[in-house]
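Structure at a glance
If you want the building blocks of each chain, they are given just below.
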Amino acid sequence: MSGIPPCSPRAAWLEEAGASPASRPRPQPYEESEVQPLQAPSGSGVGPSASAAPRQEEEDALSFIRACCSRRPKREAQKLRFLASVCDACKAAVADHTTWDAVYFCQLEVAQSIKALLQEEPTDRLDTAVRQKAMLAIAAMSRAGLLPQDRTNGLLRACLCSVFHLPGHEDTRDTDTSLYFKTVEALDSLLQVLVGSAGASGLLELQNILKLLLPFTQRQPEAVEERAMARIARLAAFINTCSLPQVSSCFAGATVVRHHHPEKHRFSMLGRLVGSLLLCCTSKNEGTRHEAAEAVRHLYIFIGQQRRTRLWDQDAEPPQLRERWRARLSLRLSEDGNTSRIFMVRSASPEPRRRPRPCDVRKRTGAVPDKARSPRGPHAAAPQPSPGPAPAPSSPGALGAAGLSGAIAALGVTDVLSFLPQMFMKYLQPSERLGVFLAAVESMRAPSLYSTKLAAHMVDVLAAETDFHSGQVLNIVWAIYRTLPSVRAALALQSLDRALLALASKHPRETVASLLQCSPTCTSVAVTMWRAMVSEPPATERVLRELLRVLMNQSGCKTSTSIKDHPRILALAAARPLHEILLLPSCLEEAKAIFPQLFLALLVQASFTTELTLQEVQVFRKKHRQDLLTPIRSTVQSLKALLRSVGLGSQVLAIEAQGGWAALLSAESHLWGVQVVAREMKELPGSLRATIIRLLAELLSTEDSSWELVAMVFLSEMLECTDLGNELDCVVSLFATYLRSQCLGMQSLVLRAILGLTQRPDTARQTLVLLPSITEQLQGADSDTRTVALPVLSTMLRLLEGRTLSLTALELAGKLPSLFDDESSAVRVLSIRLLLDTLGFVEGSEKKKMQKEVCRSLVPLSFHLHDQDESVAEASREALLGVARFLRWRQLAHLAETVQTCKIGECLLARRRSGAEEYLGQSLPYLQSLQEPLRREAVRFIGLVGRHLVDQRENKSQYICEVLHGLRQDPCESVSSLALQTLLILQAARPRSRFSFRQLCSRLQKAWRRRRSSPAGS
């Protein structure tokens, strides 16, 4: 500085603020403004006077910093002084804890003020050193550990924008050019300081900087892209010379023992960086190409060095050996035929060179050209060496920047294509290769800024040689899905098709699931991707089988709104691309190979689609609200396309004529639609029918409620085929399981299928194993099930022989009377007639047992002679006649034959007086019958029982009277009147004044006990 600042910084602030612009000279743009600490005179002793001046200067600098933070400086001199004070304070803070604490407590305000100064600088000109000094101040804060971590990105972004968007400087005056180079050097120095001062987190800081730099290299003005790429190149050279934390060895493809790598040892953005740099080597801007090629060279050396050095022995190798290895790597790199054409200029035939620009000379040599040197005094900065390594020119492996730039200028894309797999692919793990792949795909957007041929080759190589895991496949598919609409180049489209085909061949499950998540409604972009994935037979088969697996994975209905966590929504999405795939002629053979599986999967899909919850429909529709094709219609369309693709177009028309397709669309008629489809499928060749039946049996063996009813309906129809073969045994075992199913309508459906089998001579006897299960289900089944079960039992009885038939008939005879009161008249008729049939099936000793069983059916049969349904009444009369004859009861048989119903009750009581109480118990439930004739007949019969019990069971007689008393409120007048009359008759028949012999004995005993218990003298 030219002078010492005033002792009072606030007074100086006010003094400078109030001075006129003409009263003090304007500093030059490149003038040094740093505050230099005072030095003690040579030879003087160290005392209070010698140390007080630096301490005072530090305090003044801190006071001035605080003043500027509270009131931002406006004039250039104030800004420069503020930035110089920050530099001085940070330098002093390294050795002085007091100063460090003082700066630490205002570091946020200082960082915010520096950022504001950078943002205030105009981007259309460069005439001040504020940018340069601001970056020096940030670097000083980073060295001292005073740079707030949460403000680093904002400060760095402000620096980059402030420098990169400056106008071109080729035609500016020498002083501006010199200031530009100083500013750029300050930026490079800042970036290197940020990395170097991060210590063990240096690699994380490097990646943070690269993430900020890479966006400036894409779709920006040429000058911005070139400057950003130059900064990346300098950083790439710097990391080969600085001491960074050892990168995790697994990133470079080394085979090591499994261990955990801390985040600070992971170069997570390496792949994205490599991909961007390689693409930038083909940029339309020559300067960007040169800088990108230099960055690629340094990055390749860095990766190779990291591969050789392991995480756990990085200190075991002396620095001299590492330098020698780096030199040998450069030598091998230059001696390779392909790489030499990229990174070296052949001296035998030098390429014509353009006249270098000052910025080119500066970037390649690290020195200011003669034209750029200022002749106006000592303020011009001295040239500084380039931060990267500079091999000796005489070395055969010298890869100087000048030779590199000249080679890239004449570079053909073919050289890069042949060099790419050799240079990086063997060193990168799948996670890094993913970054390269994504960068290549995104660069294909029109208008493409880089070589489409290079991007296509990168995609081809990576897709063919890399084994990506599931999460990476999802990222790739998403990238292609988002990029594809913007791709116009035929070469790029072909490359993406090949990549999708390779992914579908190697990772069908991940690829199919990823595309279904990207587009559940199968948009036009998704259709293009599906067609690419099935463009060759091997991949076609894998994709179809994977779609088949997704279609069948309909279980696990979840509340999650994420498609990937919702198997039912994925199954819905899988039906849509099938329609498009099946329309392709190249997929016909593969579709025929798995036709039965696909057919059943789509049929099941249509069934559960009718039962979607509102939440599931919303999850599906919110992706594409404009889509009018409902899930069920999409599934039915795919089903039609499948049938047509295998030559079953006539069946499609036949189902249409019967209304089967329309029935499938409705939940109410869906099962009937399934029956129509199944009936047409019976016309298939025998081998296909057998396969479908076997698959249906396998499907039903899983017992999934979402498809079991539809599968059973289809199977029941298919069982009508004549050539069932070996599948029948499996089907019969399934029937035994599903007879116990709680699914509504399942038991009835299974019994109808069994009934069909029992009526065929070739299959009837194989169903006999189901007889115990059917008999067991009679009691708890509903009326529909009983209506089907009773004919099945009747048919099966006729298939039995010998003692088995006799025992089975006896068992049925004991269970059938409980069915006489079923609400269905069909069940009542069938059960009564089956009871009659059982009488002729018993033999030998079982006849006596049968007599006891049928006696319990006499009262119910007599009551049902009055059933409102004439068929039930007639069946009861015939059964009662058959029972009477079986029991050899002539009077009862005569009464039943002549239909003298009024005398049957008296006949029963006369023959079996001891059974009066049993008859009473059988009669009481009929008092609650819905049929008025049955209630009336029960009242009449109970009255007869009461008269028989009036002298024998007084308590029973009293109970009967109470029951009849309750029937006076019966809604039917005839029943209530009969109950009242019967009650009066029973009460009148009860003896009032007569003592029985037992009562007389009881009274005599009581009198005798009273006499004995009285006192002796009384």
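Bear in mind the structure is a predicted one, so any value in this text is a computation, not a measurement.

With respect to the overall build of the protein
Of regular secondary structure, the protein possesses 50 helices and 0 strands. Out of the 1018 residues belonging to the protein, those deemed buried represent 53%. Across the protein, the fraction of contacts at a sequence separation of at least 24, relative to all contacts at a separation of at least 6, is 73%. For the protein, the accessible area works out to roughly 46900 Å², and carbon and sulfur atoms hold 52% of it.

Comments concerning the side chain of S276
Inspection of the secondary structure puts S276 in helix α11 (residues 270-280). The buried category is assigned to S276, whose relative accessible area is 3%. Only 2.9 Å separates the side chain of S276 from the backbone oxygen of R272, close enough to count as a polar contact. Non-local contacts of S276, meaning those with residues more than four positions away in its chain, are made with L214, Q218 and A439.

Observations concerning the pattern of salt bridges
What the rule picks out here adds up to 28 salt bridges. For E698, the salt bridge is made with R694, and the minimal N-O distance between the two is 3.2 Å. Here R694 and E698 lie together in helix α33 (residues 686-700), a separation of 4 residues that amounts to about one turn. Judged by relative accessible area, R694 falls into the partly exposed class, the value being 36%. Between E801 and R765 there is a salt bridge; the shortest N-O distance is 3.9 Å. Here E801, found in the loop between α38 (783-797) and α39 (802-815), pairs with R765, found in the loop between α36 (746-758) and α37 (771-776); they are 36 residues apart in sequence, far enough to count as distant. The class of R765 is partly exposed, set by a relative accessible area of 49%. Three or more residues joined by partner-sharing salt bridges are found here, namely R72, K79 and E120.

Side note on the packing of aromatic side chains
For the structure on display, the rule yields 12 aromatic pairs. Ring geometry for F164 versus F216: centroids 5.2 Å apart, planes at 75 degrees, classification edge-to-face. Of this pair, F164 sits in helix α7 (residues 149-164) while F216 sits in the loop between α9 (202-213) and α10 (222-238), and the two are 52 residues apart along the sequence. Of the residues examined, F164 reaches a relative accessible area of 0% and is grouped as buried. Look at F216 and you get buried, because its relative accessible area is 10%. A cation over an aromatic ring shows up here: R81 above the ring of F64, its NZ or CZ 4.1 Å from the ring centre. A cation sits over an aromatic face here: R911 above W889, 4.5 Å from the ring centre.

Brief notes about the nonpolar core
Counting residues in each nonpolar core, the largest one holds 294 residues, and the members touching the most others are I114, W530, F714 and F735. Apart from the residues lying within four places of it in its own chain, the contact partners of F714 are F599, L603, V674, V677, A678, M681, I692 and L696.

So, helix α29 (residues 631-645)
Between its terminal C-alpha atoms α29 stretches 21 Å, which fits the 21 Å expected from 15 residues at 1.5 Å a residue. Taken across its 15 residues, α29 has 12 buried, putting it largely inside the fold. All of the buried residues in α29 are P631, I632, S634, T635, V636, S638, L639, K640, A641, L642, L643 and S645. Where α29 terminates, the next one or two residues include G647, which has phi positive at roughly 85 degrees.

What about helix α45 (residues 901-911)?
Every buried residue of α45 is accounted for by T901, I904, G905, C907, L908 and L909. Close packing links the buried residues of α45 with α42 (858-863), α43 (870-886), α44 (890-897), α46 (916-923) and α47 (932-949).

Brief notes about the side chain of R828
Checked against the element boundaries, R828 lands in helix α40 (residues 825-838). Setting aside anything within four residues of it in sequence, one finds R828 in contact with L819, F820, D821, D822, E823, H864, D867, D869, V872 and Q931.

Notes on the confidence of the model for the protein
Residues at a pLDDT of 70 or more form 74% of the protein, whose mean pLDDT is 76. In the predicted structure, residues 249-260 sits below a pLDDT of 50 and forms 27 contacts with residues beyond four places in sequence or in another chain.

Concerning the environment of R125
Tracing the sequence through the fold places R125 in the loop between α5 (107-120) and α6 (130-143). Judged by its relative accessible area of 43%, R125 falls in the partly exposed class. It is 9.7 Å that separates the C-alpha atoms of R125 and H165, two residues lying 40 residues apart in sequence. For R125, the contacting residues outside a window of four places in its chain are R131, L166 and P167.

Describing the environment of S773
Within the element layout of this structure, S773 appears in helix α37. In this structure S773 comes out as buried when scored by relative accessible area, which is 16%. Separated by 34 residues in the primary sequence, S773 and L739 have C-alpha atoms spaced 7.1 Å apart.

Observations concerning the packing of helix α20 (residues 470-483) against helix α23 (residues 524-533)
Across the interface, α20 lies against α23 with an axial gap of 9 Å and an inter-helix angle of 125 degrees. By the criterion of interaxial angle, the relationship of α20 to α23 is oblique. Read as a crossing pair, α20 and α23 show a hand that is right-handed. Here V477, I480 and Y481 of α20 lie close against α23, whose contacting residues are V525, A526 and M529. Classifying every residue of the contact of α20 with α23 gives 6 nonpolar, no polar and no charged.

A closer look at the packing of α40 against α43
Running from N to C, α40 and α43 point in directions that differ by 15 degrees, and their axes come no closer than 9 Å. Considered as vectors, α40 and α43 are oriented roughly parallel to each other. For the element pair α40 and α43, the recorded crossing hand is left-handed. Contact residues: α40 offers S825, R828, V829, I832, R833 and L836, while α43 offers S871, V872, A875, S876, E878, A879 and G882. Per-class residue counts for the contact of α40 with α43 are 6 nonpolar, 4 polar and 3 charged.

Brief notes about unusual backbone geometry
Even without being a glycine, C522 presents a positive backbone phi close to 60 degrees. Structurally, C522 is set in the loop between α22 (508-518) and α23. In this structure C522 comes out as buried when scored by relative accessible area, which is 12%. Positive phi, close to 60 degrees, is recorded for R888, a residue that is not glycine. Topologically, R888 is positioned in the loop between α43 and α44. Among the residues examined, R888 registers a relative accessible area of 76% and is labelled exposed.

A look at the environment of D176
Secondary-structure assignment places D176 in helix α8 (residues 174-196). We classify D176 as buried; its relative accessible area is 16%. A C-alpha to C-alpha distance of 9.2 Å links D176 and R125, two positions 51 residues apart in sequence.

Description of the state of the cysteines
Here the structure, examined in full by the defined rule, presents 0 disulfides. Free of any disulfide, C69 has its nearest cysteine sulfur in C106, 5.5 Å distant.

Conventions used here
In this convention, every chain numbers its residues from 1, walking through the sequence in written order. For a predicted model such as this one, the threshold for reporting local features is a pLDDT of at least 70, and the threshold for listing and counting side-chain atom pairs is 80 or more; totals across whole chains, interfaces and linings nevertheless cover every residue. Side-chain metrics in this entry use all non-hydrogen atoms of the structure; hydrogen atoms and water are not considered. Secondary structure elements follow DSSP: runs of H or I no shorter than four residues count as helices, runs of E no shorter than two count as strands, and numbering proceeds from the N terminus. Under the scheme applied here, a residue whose accessible area is under 20% of the maximum for its type counts as buried, over 50% as exposed, and between as partly exposed, the area being computed with a 1.4 Å probe on protein chains only. Throughout, a residue-residue contact means that at least one pair of heavy atoms, one from each residue, lies within 4.5 Å. Per-residue and other accessible areas were derived by the Shrake-Rupley procedure at a 1.4 Å probe size, with only the shown protein chains allowed to occlude residues. Polar contacts here mean pairs of N or O atoms no more than 3.5 Å apart (in protein, one a potential hydrogen donor and the other a potential acceptor; neighbouring residues in sequence count only if both atoms are side-chain atoms). What counts as a salt bridge is simple: a side-chain nitrogen of Lys or Arg found within 4 Å of a carboxyl oxygen of Asp or Glu. Pairing of aromatic rings covers Phe, Tyr and Trp, the last through its six-membered ring, and needs centres within 6.5 Å; plane angles under 30 degrees mean stacked, over 60 mean edge-to-face, and all others mean tilted. Distance and angle both matter: a charge sits over a ring if NZ of Lys or CZ of Arg is within 6 Å of the ring centre and within 35 degrees of the ring normal. We define the nonpolar core as a collection of buried residues of types Ala, Val, Leu, Ile, Met, Phe, Trp, Tyr and Cys that are connected through side-chain atoms lying within 4.5 Å of one another. Helix span, expected: 1.5 Å multiplied by one less than the number of residues in the helix. As a per-residue measure, pLDDT reflects the predictor's confidence and takes values from 0 up to 100. Angles shown run from 0 to 180 degrees and are taken between the N-to-C directions of axes, each axis being a line fitted to C-alpha atoms and, for helices, limited to the stretch in contact. Oblique is the label for any angle not covered by the other classes, which are roughly parallel (under 35 degrees), roughly antiparallel (over 145) and roughly perpendicular (65 to 115). Helix crossings fall into two classes, left-handed where the near helix is turned counterclockwise from the far one by less than a right angle and right-handed where it is turned clockwise. Amino acids are sorted into nonpolar (Ala, Val, Leu, Ile, Met, Phe, Trp, Tyr, Cys and Pro), charged (Asp, Glu, Lys and Arg) and polar (every other residue, Gly among them). Cysteine sulfur atoms are paired as a disulfide whenever they fall within 2.5 Å.

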